[in-house]
Amino acid sequence: MLHKVVPFLALLLQPLVQADGHGGANETTSMVHSFTGYLADMLCTRLEIAPDAANMILNPFEHTVRCQLLPACIRSGYGLVQNIGSSGENLYRVAATFDEPGSDYVADLLMSMDSTINNLRV
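Numbering of residues starts from 1 in every chain and runs along the sequence as written. Local features are withheld for residues below a pLDDT of 70 in this predicted model, meaning they are given only at 70 or higher, and side-chain atom pairs are given and counted only at 80 or more; totals for whole chains, interfaces and linings count all residues. Side-chain measures here rest on the full set of heavy atoms in the structure, leaving out hydrogens and waters.

Digging into the overall build of the protein
Labels follow the DSSP assignment, with helices taken as runs of H or I lasting at least four residues and strands as runs of E lasting at least two, numbered in each case from the N terminus. Along the protein, the regular secondary structure elements total five helices and six strands. Walking the protein from its N terminus toward its C terminus, one meets helices and strands in the order β-α-β-β-α-α-α-β-β-α-β. Residue pairs in contact within the protein that sit at least 24 positions apart in sequence constitute 66% of those at least 6 positions apart. Only the protein chains shown count as cover for residues, with accessible areas throughout obtained via the Shrake-Rupley method and a probe of 1.4 Å. Approximately 6500 Å² of the protein is accessible, and the part contributed by carbon and sulfur atoms is 55%. Here, residues are in contact when the closest pair of their heavy atoms is within 4.5 Å.

So, the packing of aromatic side chains
Here the distance between the centres and the angle between the planes together describe a pair of aromatic rings. Here a pair means two rings of Phe, Tyr or Trp (six-membered ring of Trp) with centres within 6.5 Å. Their orientation is stacked below 30 degrees between planes, edge-to-face above 60, and tilted elsewhere. Summed over the entire model, instances satisfying the criterion amount to three aromatic pairs. Centroid distance Tyr-38 to Phe-61: 5.8 Å. Interplanar angle 55°. Geometry classified as tilted. Taken as a pair, Tyr-38 in strand β3 (residues 38–41) and Phe-61 in the loop between α2 (42–47) and α3 (65–68) lie far apart in primary sequence, 23 residues in all. Comparing Tyr-38 with Phe-61, the two get one shared label, buried. Between Tyr-38 and Tyr-92 the ring centres are 5.8 Å apart and the planes differ by 70°, which places this aromatic pair in the edge-to-face class. Pair noted here: Tyr-38 is in strand β3 and Tyr-92 is in strand β5 (residues 92–98), with a separation of 54 residues, a long-range link. Like Tyr-38, the residue Tyr-92 is buried in the burial classification. Each member of the aromatic cluster is reached from another via a ring pair, and the members are Tyr-38, Phe-61 and Tyr-92. Per-residue accessibility, obtained with a 1.4 Å probe over protein chains only, is compared with the maximum for each type, and a residue is labelled buried under 20%, exposed over 50%, and partly exposed between these values.

Okay, here's the thing in structure tokens:
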């Protein structure tokens, strides 16, 4: 399995992350929040089963760059999903979303990557 860890992305996008502190999106905040999770487009997280067959609730790490660059996925914006399940149990949910400039940056970053990469952990 190919994977890419993108630790610098969190630093670059900190002012562009939207979160309400309860695992959902709200308004842009100037406070610094730290999130760790998998990069995902919002369309596939709503569908739960992505077009590339990744189950976004149980294993979003299988979600490919190719899928995240589908036109509808780009338009939906991007965010981070985190595991909120109990020990040994996967249950991923959206922890934060990027605003429009942040999502544009993520799309540009994804376009620079090999489309077969998955496991985009930040």
